[in-house]
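A look at the structure
Take a look at the letters that make up each chain.
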Amino acid sequence: MKRLTASYLPPITLAPRSGIPMHQQLSEWFRQAIVDGQLRPGQRVPSSRSLAGELKVSRAPVISAYEQLYAEGYLETFVGAGTCVAKSIPGGALHQPRTGLRKAPQPASESSTPRRISRRVELMRAPPQTWANNLGAFRIGMPALDRFPSGVWSKLVNRHSRKPSLELMAYGDPMGHLPFREAIAEYLNTVRAVRCDASQILVTTGSQQALQMCAHVLLDANERVWMEEPGYPGARQAFMGAGARLVPVPVDQEGVDVAEGIRRGRGARVVYITPSHQFPLGVTMSAARRMQLLNWATRNGAWIVEDDYDSEYRSGGRPIASLQGLDTDERVIYAGTFSKVIFPALRLGYVVVPKDLVPAFFHARDAADTFSSTLYQMVMTDFIREGHFARHIRKMRTLYVERRTALLEAIQRHLRDKLEVIGTEAGMHLVALLPPGVDDVAISIKAARHGVSARPLSPCYASPPARGGLILGYGGADIPEILEGVRKLARCI
Ligand SMILES: Cc1ncc(COP(=O)(O)O)c(C=O)c1O
């Protein structure tokens, strides 16, 4: 038989001076709680001994109430599982008259008039993401989970959790576990040319939280933020959630158009960009645009939030150094994540903050959710220090090139006349533009019905684009899945 979880003690209040016998008060309480759904079919109830102990009464009235409830079919017992609410409640029980008992309240959420919530959150609502509900081919941001070294990982988790240290279990530093921050700083110095030391690293629950922290620390309500057009919808939500006014700035072959940004977004406090691998188009920001942006930010006292979410996986040409490394005025806040290089459910990322902003970020994180899980920070420290991280990235880089090549060849074979592919140099996704006039959201919905997750391009724009497209992730699907996925897409377009 299935093991049941331990029973919780229900919030029963007895009225000793009411004149109603104790066993009757108890049986009425249970009956009503079962009828109202507060206690669910199959849920375990406390033993008579522990309930009597909790209520500070003798066991006799509890036993008598339970016996009555067995007789009526509300409770049943299983060997080894104790006393439970019956799996099926006696017929008509749900419509029994209620004598002197609480009336179930009408849930306000069922009322026809929507109740007032903040305007900021109303604006943050995203359209339903049909394409995100399946784990089939082309889901974006999904690494090759089947190739993750789970044996090594579970050994490291065991190492720290078998005999957890006090440090692992107690409250931790809002900035993060120091050895982890040291390992991140070393990695970023070496691989991404980010100029920082461990004191500037704030560990977050992924880069989504890093963006939220930036929005809260850097902006007041109604201040302007440049957003890439098209851009990352998660960043839009993070900045909107802080009450910012978003200024869409077009992206071309050289990345965000800085001159256009200066024209449209005068007085902006923050610029959000993905310079190493623009999301979603995949372009790399040119050196000239980088210098132009840094100079403008220095002259105007603006902040630049650099979201470097997947540049570990650059295949062609030289690795692109971070924008933060070029910044001589400490204007860039650099955000990164382990979601793409380890796995998204780990929920670990980081922000590199200029030294004078460290106290502000510390307090913002402390006020938000205090700190990230120490266990996983310790495990990741070992994973990096013992060389597993670098090895895994190297292997995945080769694998993603193979998967991307398979996807490109399959598109060439089946969809050459329908899709124009762009943004193939780095990361784990590419963009396939559809012919003008084709509705990308409709195609995505159709593809989702075939078990393929093809995210539409147009929701990444603030205003409808001239041409829609599909954002196709290839990291999380093996080659047979990719080939099958393209065949299914060909049927949808
Ligand atoms: C451009 C970009 N930034 C940030 C994120 C957020 O990543 P996470 O919050 O999982 O670290 C993503 C996720 O796909 C992304 O594509």
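Residues numbered from 1 in each chain as written. Predicted model: local features only at pLDDT ≥ 70, side-chain atom pairs only at ≥ 80, totals over all residues. Heavy atoms only, no water.

1. Here's the deal with unusual backbone geometry
Cut-off, in case you're wondering: A run of H or I in DSSP becomes a helix once it reaches four residues, and a run of E becomes a strand once it reaches two; helices and strands are each numbered from the N terminus.
Residue Pro-230 is reached from Glu-229 by a cis peptide bond, and omega for that bond is 5 degrees. Turning to its location among the elements, Pro-230 is positioned in the loop between strand E4 (224–229) and helix H9 (233–241). The amide bond that connects Phe-279 to the next residue, Pro-280, takes the cis arrangement and shows omega of 5 degrees. One can find Pro-280 in the loop between strand E7 (270–273) and helix H11 (287–300). Positive phi, close to 55 degrees, is recorded for Ala-193, a residue that is not glycine. Mapped onto the secondary structure, Ala-193 falls in the loop between helix H7 (178–192) and strand E3 (201–204). Even without glycine at this site, Asn-222 takes up a positive phi of about 75 degrees. For Asn-222, the position within the fold is in the loop between helix H8 (206–218) and E4.

2. What to know about the sheet that holds strand E10 (residues 349–352)
Backbone hydrogen bonds are what pair the strands of a sheet, in a parallel or an antiparallel way. Definition in use: Following DSSP output, two strands are said to pair if at least two bridges run between them.
The mixed open sheet is built from eight strands, whose spatial order is E3-E10-E9-E8-E7-E4-E5-E6. Edge positions in the sheet fall to E3 and strand E6 (255–256), since each has one partner strand and no second. Taken together, the four bridges between strand E8 (residues 303–307) and strand E9 (residues 332–337) define a ladder with parallel strand orientation. Following the sheet pairing, Asp-307 is matched in E9 by Ala-335.

3. As for the site of the ligand
Heads up, the rule is: Note on terminology: near, applied to a residue and a molecule or strand, indicates that one of the residue's heavy atoms is within 4 Å of it. Values of accessible area rely on a 1.4 Å probe in the Shrake-Rupley scheme; residue burial ignores everything except the protein chains shown. Gly is placed with the polar residues, together with every amino acid not listed as nonpolar (Ala, Val, Leu, Ile, Met, Phe, Trp, Tyr, Cys and Pro) or charged (Asp, Glu, Lys and Arg).
For the ligand, the full set of nearby residues is Gly-206, Ser-207, Gln-208, Tyr-232, Phe-279, Asp-307, Tyr-309, Thr-337, Ser-339, Lys-340 and Arg-347. Compared with its free state, where it exposes 400 Å², the ligand has 89% of that area covered by protein. Tallied by class, residues from the shell around the ligand come to three nonpolar, five polar and three charged.

4. Concerning the domain arrangement of the protein chain
Many authors give the size of an interface as the accessible area that is lost as the parts come together. Put simply, the test is: For every domain, the bounds stem from an assignment made automatically or drawn from a database. Throughout, a contact is declared for two residues whenever any of their heavy atoms are within 4.5 Å. Put simply, buried area is the surface a 1.4 Å probe can reach on two separate parts but cannot reach once they are joined, added for both. The salt bridge criterion pairs a side-chain nitrogen of Lys or Arg with a carboxyl oxygen of Asp or Glu, the two atoms within 4 Å. Counting of polar contacts relies on pairs of N or O atoms within 3.5 Å, with two restrictions inside protein: one atom must be capable of donating a hydrogen and the other of accepting it, and residues adjacent in sequence are counted only when both atoms are side-chain atoms.
Each domain of the protein chain was delimited in the assignment, giving domain 1 (6–105), domain 2 (130–139 + 395–492) and domain 3 (149–386). Just the C-alpha atoms count here: the centres of domain 2 and domain 3 sit 26 Å apart. Contacts between the two partners involve 21 residues from domain 2, matched on the other side by 20 residues from domain 3. Summed over both sides, the interface between domain 2 and domain 3 buries roughly 1800 Å², with carbon and sulfur atoms accounting for 58% of that surface. It is Glu-425, His-429 and Cys-460 in domain 2 that bury the most area against domain 3; as a group they hold 27% of the surface buried on that side. Between the two partners, domain 2 and domain 3, sit one salt bridge. Note that Arg-314 and Glu-425 form a salt bridge whose closest N and O atoms lie 3.1 Å from each other. Put simply, domain 2 and domain 3 have ten residue pairs in polar contact (both at pLDDT 80 or more) between them. Elements with a minimum of two residues in the side of domain 2 that touches domain 3: helix H14 (388–414) and strand E12 (429–433). Broken down by element, the side of domain 2 that touches domain 3 gets its largest block of residues, five residues, from H14.

5. Observations regarding the environment of Gly-473
Locating Gly-473 in the fold gives a position in strand E14 (residues 469–473). When the C-alpha positions of Gly-473 and Ile-140 are compared, they lie 4.1 Å apart, and in sequence the two are 333 residues distant. Setting aside residues no more than four positions away along its own chain, Gly-473 makes contact with Phe-138, Arg-139, Ile-140, Met-428 and His-429.

6. Topic: the sheet that holds E14
To keep it simple, the criterion reads: Here an angle of 0 to 180 degrees is reported between the N-to-C directions of two axes, which are lines fitted to C-alpha atoms, with helices fitted over the stretch in contact.
Spatial strand order, E11-E12-E14-E13: four strands in an open sheet with antiparallel pairing. Each end of this open sheet is capped by a strand with a single partner; those strands are strand E11 (420–422) and strand E13 (455–456). As defined by bridge partners, E11 adjoins E12 across three bridges and the pair is classed as antiparallel. Paired with Ile-422 across the two strands is Val-431, which belongs to E12. Along the sheet, H14 makes contact with E11, E12 and E14, crossing E12 at roughly 15 degrees.

7. Remarks on the packing of aromatic side chains
Our working rule: To pair, rings of Phe, Tyr and Trp, with the six-membered ring standing in for Trp, must have centres within 6.5 Å; the planes then decide the type, stacked if under 30 degrees apart, edge-to-face if over 60, and tilted in the middle. The rule is simple: take the accessible area with a 1.4 Å probe, protein chains only, and divide by the maximum for that residue type; under 20% is buried, over 50% is exposed, in between is partly exposed. Two conditions define a charge sitting above a ring: the NZ of Lys or the CZ of Arg must be within 6 Å of the ring centre, and it must be within 35 degrees of the ring normal.
What the rule picks out here adds up to 18 aromatic pairs. Centre to centre, the rings of Trp-153 and Phe-383 are 5.6 Å apart; their planes meet at 75 degrees, and the pair counts as edge-to-face. With a gap of 230 residues between them, Trp-153 in helix H5 (residues 150–161) and Phe-383 in helix H13 (residues 374–385) connect regions that are remote in the sequence. This pair shows no difference in class: Trp-153 is buried, exactly as Phe-383 is. One aromatic cluster in this structure is built from Phe-148, Trp-153, Phe-343, Tyr-376 and Phe-383. Taking NZ or CZ as reference, Arg-331 lies 4.7 Å from the ring centre of Trp-303, over its face.

8. Focus: H8
Where we set the bar: Every helix has an expected span of 1.5 Å times one less than the residues it contains.
Across its 13 residues, H8 extends 19 Å between first and last C-alpha, which sits within 8% of the 18 Å expected from 1.5 Å per residue. Along H8, the residues classified as buried are Gly-206, Ser-207, Gln-209, Ala-210, Leu-211, Met-213, Cys-214, Ala-215 and Leu-218.

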